[in-house]
Amino acid sequence: MARLISHMDYFIICVTLALSIACRVCGTATPFFIFGDSTVDPGNNNYINTIPAYQANYKPYGQNGFFEEPTGRFSDGRVIVDFIAEHAELPVIPPFLQPSAEFINGVNFASGGSGILPETNQGQVIDLQTQIKHFEEVQKSLTKELGEARANELFSEAVYFISIGSNDYMGGYLGNPKMQEYYGPEEYVGLVIGNLTQAIQVLYEKGGRKFGFLSLSPLGCLPALRALSPKANEGVCFKEACALAQAHNSALKVVLTSLEYILRGFKYCNSNFYDWLQDRINNPSMYGFKDGVNACCGTGPYGGNFTCGGTKKVTDYQLCDNADDFVWWDSFHPTEKIHEQFGQTLWNGPPSSVGPYTLQHLFLSKEELTIADEVDGPDRQNFHY
């Protein structure tokens with residue numbers, strides 16, 4: 001009888017340990033803090049005084065029905081951070097300015113039209129520096145709610161995702177003759193990257209250790225810029241815009257490599273969004289699309305006139321029958337299908353598109369990662385641009 005009790009005690013102990021591990025894993029979801037522009041804005045611009053071009057809280061935005069009504073996302077449905085949150089088993093991350101939003105699982109500070117430089121669309125958007133100030137407000141609030149020790153743990157375990165920079169180069173530089181007088185292209189890229197580096201360091205000083213980055217797309221191939229290309233009639237992308245995006249991405253890669261050695265505990269997931277998206281633009285049928293050039297919603301050549309929704313100066317616009325057939329949703333933004341595909345790539349994609357860590361490595365605890373994942377670790381050698 002004593003032996004039976006011993007075996008039973010052993011069984012109970014094993015079950016208790018298993019349950020405690022499972023509860024610990026389930027109860028410590030990694031928070032998700034998001035900074036950026038319209039690529040990841042969940043609707044913060046709904047709550048500020050701005051122009052219609054920087055808002056998307058009207059139809060046909062959000063038309064695919066995932067959300068009950070337009071949320072302010074510049075998409076036919078969800079954006080990339082919604083899919084990342086889903087992979088991380090988090091709820092939809094709320095916009096910072098949403099009344100009564102709960103921030104325990106993270107916050108989205110992004111603002112459509114914003115830039116790394118405060119001068120980009122100044123007075124109409126929430127620039128990166130202001131977004132970080134909003135993060136500091138959340139940090140104080142959660143520290144008061146959870147206590148300093150628990151809050152510090154939360155902020156060090158969180159993933160900080162940054163997707164910003166396009167507007168600095170499109171409107172901030174190419175659309176700003178004065179800025180072009182002050183700075184040559186290389187100098188301007190240095191200015192932008194310098195400010196981004198400073199922002200990363202501030203977040204690190206606030207406790208951030210794990211970072212994800214959505215690099216810039218081939219900007220000159222956006223329908224709006226393709227339509228402005230000197231060779232638009234030949235279907236050629238705007239080369240100057242593409243060159244700026246490539247220079248930015250190359251500089252960011254160098255900075256992140258340096259920060260990993262300078263900042264203790266700094267881990268990051270960078271992306272080769274430029275080549276990844278260029279491949280779908282050039283070869284749409286290989287990835288389930290029919291059109292990689294034209295916008296589903298807009299007017300003019302390539303749908304490059306930003307009229308989607310009819311809230312701007314030109315109220316007429318054309319809308320395609322099936323957004324899933326298109327790479328581009330409107331003149332500047334991709335469809336939900338692109339967001340979904342690249343969200344998956346960032347989560348656990350190949351080193352040709354993401355590295356040195358995947359977001360899966362950054363979000364999941366050691367208990368949740370497989371032994372193979374842990375052994376593989378970061379892949380720096382094969383991650384390229």
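The structure we're discussing is the one just above.
Read on for an overview of the structure. This is a predicted model, so every value here is computed, not measured.

1. A short note on the overall build of the protein chain
Part 1 of the reasoning: When helices and strands are counted, the protein chain shows 13 helices and 10 strands.
Part 2 of the reasoning: Residue burial in the protein chain is summarised as follows: out of 385 residues, 53% are buried.
Part 3 of the reasoning: Long-range contacts, defined here as pairs at least 24 residues apart, represent 70% of the contacts in the protein chain between residues at least 6 apart.
Part 4 of the reasoning: Of the roughly 17900 Å² of accessible surface on the protein chain, 53% is carried by carbon and sulfur atoms.

2. Section: helix H4 (residues 148-157)
Part 1 of the reasoning: Within the span of H4, buried status applies to Ala151, Leu154 and Phe155. Buried residues of H4 fall within an arc of 95° about the axis and therefore sit on the same side.
Part 2 of the reasoning: Buried positions along H4 lie against strand S1 (32-36), helix H3 (128-146) and strand S3 (159-163).

3. Overview of the state of the cysteines
Part 1 of the reasoning: Here the structure, examined in full by the defined rule, presents 3 disulfides.
Part 2 of the reasoning: A sulfur-sulfur distance of 2.1 Å marks the disulfide that ties cysteine 221 to cysteine 237. Classification of the bridge connecting cysteine 221 and cysteine 237 rests on its S-S torsion, roughly 110°, and on that basis the disulfide is right-handed. In this pair, cysteine 221 sits in the loop between strand S4 (210-213) and helix H8 (223-228) while cysteine 237 sits in the loop between H8 and helix H9 (239-262), placing the two residues 16 residues apart along the sequence.

4. Quick word on the packing of aromatic side chains
Part 1 of the reasoning: One pass over the structure, following the stated rule, counts 28 aromatic pairs.
Part 2 of the reasoning: Taking the centre distance of 4.9 Å and the plane angle of 85° together, the rings of phenylalanine 66 and phenylalanine 67 count as edge-to-face.
Part 3 of the reasoning: Residue classification places phenylalanine 66 among the partly exposed positions, given a relative accessible area of 43%.
Part 4 of the reasoning: Put simply, the rings of Phe33, Phe35, Phe96, Phe103, Phe109, Phe135, Phe155, Tyr160, Phe211, Phe213, Phe266 and Tyr268 touch in pairs and so form one group of aromatic residues.
Part 5 of the reasoning: The aromatic ring of phenylalanine 66 is capped on one face by arginine 78, whose charged end is 3.9 Å from the ring centroid.
Part 6 of the reasoning: Positioned above the aromatic ring of tyrosine 204, the side-chain terminus of arginine 209 is 3.8 Å from the ring centre.

5. Structural notes on the side chain of asparagine 249
Part 1 of the reasoning: Relative to the elements of secondary structure, asparagine 249 occurs in helix H9.
Part 2 of the reasoning: A relative accessible area of 5% places asparagine 249 in the buried class.
Part 3 of the reasoning: Looking at asparagine 249, its side chain comes within polar contact range of the main-chain nitrogen of leucine 216, at 2.9 Å.

6. Section: the environment of leucine 362
Part 1 of the reasoning: On the secondary structure map, leucine 362 appears in helix H12 (residues 359-363).
Part 2 of the reasoning: By relative accessible area, leucine 362 is classed as buried at 2%.
Part 3 of the reasoning: Through-space distance from the C-alpha of leucine 362 to that of tryptophan 347 is 9.3 Å; in sequence the pair is 15 residues apart.
Part 4 of the reasoning: For leucine 362, the contacting residues outside a window of four places in its chain are Val159, Lys210, Phe211, Lys267, Tyr268, Cys269 and Tyr357.

7. Regarding the packing of helix H5 (residues 166-174) against helix H7 (residues 185-205)
Part 1 of the reasoning: Running from amino to carboxyl end, H5 crosses H7 at an angle of 130°, the nearest separation of the two axes being 12 Å. In terms of orientation, H5 lies oblique with respect to H7. Two packed elements cross with a definite hand, and for H5 against H7 that hand is right-handed. Contacts from Asp168, Tyr169, Gly172 and Tyr173 of H5 reach H7 at Pro185, Tyr188, Val189 and Val192.

8. Here we look at the pattern of salt bridges
Part 1 of the reasoning: For the structure on display, the rule yields 7 salt bridges.
Part 2 of the reasoning: The shortest N-O distance in the salt bridge between glutamate 157 and lysine 210 comes to 3.6 Å. Residue glutamate 157 is located in helix H4, and its partner lysine 210 is located in strand S4; the two are separated by 53 residues in the primary sequence.
Part 3 of the reasoning: Residue class for glutamate 157 comes out partly exposed when judged on its relative accessible area of 40%.
Part 4 of the reasoning: The salt bridge partner of lysine 290 is aspartate 325, with a shortest N-O separation of 3.9 Å. Linking lysine 290 in the loop between helix H10 (273-282) and strand S6 (291-295) with aspartate 325 in the loop between strand S8 (318-319) and strand S9 (326-328), this pair joins segments that are 35 residues apart in sequence.
Part 5 of the reasoning: According to the relative accessible area criterion, lysine 290 is exposed, its value standing at 68%.
Part 6 of the reasoning: Connected through salt bridges with shared partners, the residues Arg78, Glu86 and Glu336 form a single ionic network.

9. Some thoughts on the nonpolar core
Grouped burial of nonpolar side chains is what soluble globular proteins tend to show.
Part 1 of the reasoning: The biggest cluster of nonpolar side chains holds 89 residues, and the ones touching the most others in it are Phe32, Phe33, Phe35, Phe161 and Leu359.
Part 2 of the reasoning: Element by element, the count of residues in this core is highest for H7, at 9 residues.
Part 3 of the reasoning: With near-sequence residues (within four places) excluded, phenylalanine 32 lies in contact with Val81, Ile84, Ala85, Leu90, Ile93, Asn105, Gly106, Val107, Val159, Phe161 and Phe363.
Part 4 of the reasoning: Residues Ala56, Cys308, Cys320 and Phe326 belong to the second largest nonpolar core, which totals 12 residues.

10. Topic: the pairing of strand S5 (residues 267-271)
Successive residues of a regular strand alternate their side chains across the two faces of the sheet.
Part 1 of the reasoning: Burial analysis of S5 places 4 of its 5 residues in the buried class, which makes it a mostly covered element.
Part 2 of the reasoning: In this structure, S4 lies alongside S5, joined through 3 bridges in parallel fashion. Note on S5: the bridge partner recorded for lysine 210 is lysine 267.
Part 3 of the reasoning: Note that S5 and strand S10 (residues 354-356) share 3 bridges and pair antiparallel. Each residue of the ladder has a partner; that of serine 271, found in S10, is valine 354.

The rules behind each value
- Residues numbered from 1 in each chain as written.
- Predicted model: local features only at pLDDT ≥ 70, side-chain atom pairs only at ≥ 80, totals over all residues.
- Heavy atoms only, no water.
- Helix = DSSP H or I, 4+ residues; strand = E, 2+ residues; numbered from the N terminus.
- Buried < 20%, exposed > 50% of the residue type's maximum accessible area, 1.4 Å probe, protein only.
- Contact = heavy atoms within 4.5 Å.
- Areas by Shrake-Rupley, 256 points an atom, 1.4 Å probe, with all protein chains shown as cover.
- Arc of directions from axis to C-beta.
- Disulfide = S-S within 2.5 Å.
- Phe/Tyr/Trp six-rings, centres within 6.5 Å; stacked < 30°, edge-to-face > 60°.
- Lys NZ or Arg CZ within 6 Å of the ring centre and 35° of its normal.
- Polar contact = N/O pair within 3.5 Å; in protein donor to acceptor, adjacent residues only side chain to side chain.
- Axes fitted to C-alpha atoms, helices over the stretch in contact; angles between N-to-C directions.
- Parallel < 35°, antiparallel > 145°, perpendicular 65-115°, else oblique.
- Left-handed = near helix turned anticlockwise from the far one by under 90°.
- Salt bridge = Lys/Arg side-chain N within 4 Å of Asp/Glu carboxyl O.
- Core = buried A, V, L, I, M, F, W, Y, C linked by side-chain atoms within 4.5 Å.
- Pairing = 2+ DSSP bridges.

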